[in-house]
Amino acid sequence: MGILYNEQAGIFKLDALDTSYVIGIFDDERFVSHLYYGKKIIDSDVRYLYGPLYQVRPSVLPGQAGRIMDAVPFEYPTFGCGDYREHCLEVETVDGYHACDLRYEAHKIYPGKPALEGLPSTFEREAGDCNTLELVCRDKVLNLGVTLLYTVFEQLNVITRAVLVTNEESNAVYIKRALSGCVEFDHQNFDVLTLHGSWERECGPVRTPLRQGKIVTESTRGESGPTDNPFLAVLSCDATEDTGEVFAMNLVYSGNFLGVAQGHHFRGTRIVMGINPVNFSWKLEPGDTFTAPEVVMVYSDRGLGKMSRTFHDLYRGHLIRDVYPDTSRPVLINNWEATYFGFTFDRLIEIAAEASKCGIELFVLDDGWFGDRNDETKGLGDWFVNEEKLPGGIARLSKEINKLGMKFGLWIEPEMVSPDSKLFREHPDWAIQIPGRHRSLFRHQYVLDWSRREVRSHIYDMIHQVLSGANVEYIKWDMNRTLTEAASAALPADRQGELCHRYVLGVYEIMGRLREDFPSLLLENCSAGGSRFDPGVLYYSPQIWASDDSDAIERIQIEMGASMCYPLSAIGAHVSAVPNHQTGRITPLETRGYAAMAGTFGYELNIAQMSEAEKAVIREQVDIYHKYNWIVKEGDLYRIGDPFANRDHACWMVVSRDKKEALVTYIQTHALPGYFGSARKLRLKGLMDEAVYRAEVISVSSEVVNGDAHLEGGQNAGKGREVLEVSGSALMNAGYWMERLGGDYMGMMIHLKAIV
Ligand code: DGJ
């Protein structure tokens, strides 16, 4: 078992695959201190980690009158008793006092992993996958029990954490902050990596040198948001994609979050992550327990690449519940960018019919099918079909789509209400608002108060009715605005700070019900693109629409950024029309396919208006997807040409688990002059040194000439079908010779198969 308790030494040692994490409990005072996190150490008695006393426990130093709490590496630091660094727990009593001091009381070690009430979390798939340590601590004055949960995944470099706070006193207390985890380091030689962006520009990695002070990533929007992702890593300053140490945190939560890396005044570093304390307060009645969501901690001794592959393995194996576990998910076509609100029954069928001829398997009807929803100003909340637009309703439409041999999917945005809707006219108080204050509109809509059971049940019942009356096999769950003036008509004054968290719990409850009631339904989440791209959502939806920016070249950056912690199989991506609707860029159809195949793969364009040559390319793409998607879905991702660092190319590859096959994608994002300008050797990764691989170019972009998106031939005509036989060691060390392609945005896909 990967968890060891040495009672005499007062030490807990948690061993994951090649990671150790050590906690110390000292003598009568029983402070819970952090002693080590990093590459596995095999000693079972690690008392030597104690070091000078004041560095691991708040001892009274000779000649000092008090303790130095501010220097101690606490496992779960609290506010109010002398630790002034970023803390995890702050509690207010009914008398208005703010102080908390936790000491070890008891512990339990057991196989498996407990679920967290009302919250998504990673799970044990097979007996023996993981073991759990529960450290029970107590503040004696408050009579507050705090259980620190640690789960060690034996076959991965993963330790997860969560926290339970229980009020065992006879008065209520108010939790002002309850973060999920903290890690201490004894130096500051780190860079900090976070993921930032904006709407249509999500998940851009930002690397900042750490020094004394704080680097913060957070959301106060009510969702995890497009500007910051709930991910934070500290990495050795010389760490690269393939070398150096990385310590990463990712919060399994979809609401307001906070991640902080603090270089503090004793030259150490503290990182914390959890629910954002801004506008948060939780009244804990006697006997009640508050559960802080899970934070996943990943350690890598080989750079960011290994960190990402560890996250991917964890999420694919222990978080995502795929409804197509053994096959590729269906290739879909979504009508949004093809028609926006301007569709008719016949136009939809026309698109679906052409799509089905190209082998596309799932037709998704996006926004605009319900209530009075003919543009974005109306109808949200009225989840009954607009029969004027769709005579015979969703039942007839889905039947017609099924007749074409395709599955049918539908868009919903259940958390929202339009002021111009039947629902809002009947229940104006159901929208989140502060009485007497202007209620902000975004995209002409308000947010429903999903902390209220009657509100979410009412919405769910309407949606349930639509889904039960037709053959709907996929749902796109959208959320197009953030929370403002956050207050609930159903909560008393001293519980208003609970709204944002209760809202998230309400969302999880309904996503959970949807999955239970319709177990074979494929759920894709979306929040104006990737504004709720987090592990909490992944527990319910195996895929998330990554961005409203469908431009292939931009999208590569978003995908590579998201791949820092999320597997490619979770990243929603579609081939869209050119000129691209967000950027105006014209890219070859094949290249758009390459970018989309680094995600879930689908289309979002009017296929009925495409030329026969373009439809032939689509048929080829669908074939490639079916032939090779298993590698993308299960394989190990290696980022090669970093689209953030390079001006001129992006390259990534996915290698099957047995290393016998791989798929390499290369895109020349900016052509450079002269043969030697754009030609380069690509050093591949993750292959077997000794194996000989057959490397075949399976697709190459056609040139774009005079704005025509697809012209066959050109400089790349001979490139397709090129086959080489070469060793893994040569491909990884000498490199694959990537010749200059014929212009901006040209690309290719290469399939490698071990033949010896
Ligand atoms: C925002 C989504 O990201 C789009 O894909 C589309 O579904 C629109 N909402 C529809 O309103």
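Just above sits the structure.
Residues numbered from 1 in each chain as written. Predicted model: local features only at pLDDT ≥ 70, side-chain atom pairs only at ≥ 80, totals over all residues. Heavy atoms only, no water.

Below, the discussion takes up the site of the ligand. Taken together, the neighbourhood of the ligand is formed by 13 residues, with Asp366, Asp367, Lys476, Asp478 and Asp548 sitting nearest. Contacts to the ligand include aspartate 478, whose side-chain N or O atom sits 2.7 Å from a nitrogen atom. A distance of 3.1 Å separates an oxygen atom of the ligand from a polar backbone atom of glycine 529. Isolated, the ligand exposes 290 Å² of accessible area, and the fraction of that covered by the protein chains is 97%. (Near = heavy atom within 4 Å. Polar contact = N/O pair within 3.5 Å; in protein donor to acceptor, adjacent residues only side chain to side chain. Areas by Shrake-Rupley, 256 points an atom, 1.4 Å probe, with all protein chains shown as cover.)

A few words now on the sheet that holds strand 26 (residues 522-525). In spatial order, the strands read 28-27-26-25-22-21-20-30-29; together these nine strands make up an open sheet with parallel pairing. Two strands in the sheet have a free side with no partner beyond their single neighbour: strand 28 (571-572) and strand 29 (575-576). Both strand 20 (residues 332-334) and strand 30 (residues 602-604) contribute to a ladder of two bridges, which runs parallel. By the bridge assignment for strand 30, isoleucine 333 is matched with tyrosine 603. Each of strand 21 (362-365) and strand 22 (407-412) is contacted by helix 5 (residues 393-403), which is oriented at about 140° to strand 22, the strand it contacts most. (Pairing = 2+ DSSP bridges. Helix = DSSP H or I, 4+ residues; strand = E, 2+ residues; numbered from the N terminus. Contact = heavy atoms within 4.5 Å. Axes fitted to C-alpha atoms, helices over the stretch in contact; angles between N-to-C directions.)

With 16 residues, helix 2 (residues 303-318) should reach 22 Å at 1.5 Å per residue; the first-to-last C-alpha distance of 23 Å fits that figure. Taken across its 16 residues, helix 2 has 16 buried, putting it largely inside the fold. (Expected span 1.5 Å × (residues − 1). Buried < 20%, exposed > 50% of the residue type's maximum accessible area, 1.4 Å probe, protein only.)

Two elements in contact, helix 10 (residues 552-562) and helix 11 (residues 589-597), have axes separated by 9 Å at closest approach and are oriented at 15°. Overall, the two elements helix 10 and helix 11 adopt an arrangement that is roughly parallel. The chirality of how helix 10 crosses helix 11 is left-handed. Contacts between helix 10 and helix 11 involve Ala552, Ile553, Ile556 and Glu559 on the former and, on the latter, Thr591, Arg592 and Ala595. In the contact of helix 10 with helix 11, the residues fall into four nonpolar, one polar and two charged. (Parallel < 35°, antiparallel > 145°, perpendicular 65-115°, else oblique. Left-handed = near helix turned anticlockwise from the far one by under 90°. Nonpolar A, V, L, I, M, F, W, Y, C, P; charged D, E, K, R; others polar.)

Among the structural elements, serine 702 can be located in the loop between strand 35 (692-700) and strand 36 (703-705). Here glutamate 590 takes part through its side chain, which lies 2.6 Å from a polar atom of the side chain of serine 702.

Axes are the key here: two packed helices are described by the angle between their axes and the distance separating the axes. Running from amino to carboxyl end, helix 4 (residues 345-357) crosses helix 5 at an angle of 25°, the nearest separation of the two axes being 10 Å. Between helix 4 and helix 5, the angle is such that the two are roughly parallel. Considering the relative orientation of helix 4 and helix 5, their crossing is right-handed. The segment helix 4 lies against helix 5, with Phe345, Leu348, Ile349 and Ala352 engaging Arg396, Leu397, Glu400 and Ile401. Here the contact of helix 4 with helix 5 is built from residues that sort into six nonpolar, no polar and two charged.

Moving on to the sheet that holds strand 35. Across the sheet, six strands lie side by side as 31-32-33-40-35-38; this open sheet has antiparallel pairing. Two strands bound the open sheet, and with one partner strand each, they are strand 31 (636-641) and strand 38 (723-727). On average, each strand axis in the sheet is inclined to that of its neighbour by 20°, with strand direction left out of account. Note that strand 31 and strand 32 (residues 649-655) share five bridges and pair antiparallel. Along strand 32, the bridge assignment pairs leucine 637 with valine 654.

A large share of strand 14 (residues 228-236) lies buried, amounting to nine of its nine residues. For strand 11 (residues 190-196) and strand 14, the ladder comprises six bridges, and the chain directions are antiparallel. Note on strand 14: the bridge partner recorded for valine 192 is valine 234. In this sheet, strand 15 (residues 246-251) lies alongside strand 14 in antiparallel orientation, the contact comprising five bridges. When the bridges of strand 15 are listed, leucine 232 appears paired with methionine 249.

So, on to the packing of aromatic side chains. Ring pairs (aromatic) are described by centroid distance and by the angle formed between their planes. Tallying each qualifying case throughout the model produces 30 aromatic pairs. Ring geometry for phenylalanine 424 and tyrosine 446: centres 5.3 Å apart, planes at 45°, overall tilted. Taken together, the residues phenylalanine 424 in helix 6 (residues 422-426) and tyrosine 446 in strand 24 (residues 446-447) connect sequence positions 22 residues apart. With respect to burial, phenylalanine 424 and tyrosine 446 carry one shared label: buried. Where tyrosine 508 meets tyrosine 540, the ring centres are 5.4 Å apart and the plane angle is 25°; that geometry is what we call stacked. Of this pair, tyrosine 508 sits in helix 8 (residues 499-517) while tyrosine 540 sits in helix 9 (residues 535-540); the two residues are 32 residues apart in sequence, bridging distant segments of the chain. Residue class for tyrosine 508 comes out buried when judged on its relative accessible area of 2%. (Phe/Tyr/Trp six-rings, centres within 6.5 Å; stacked < 30°, edge-to-face > 60°.)

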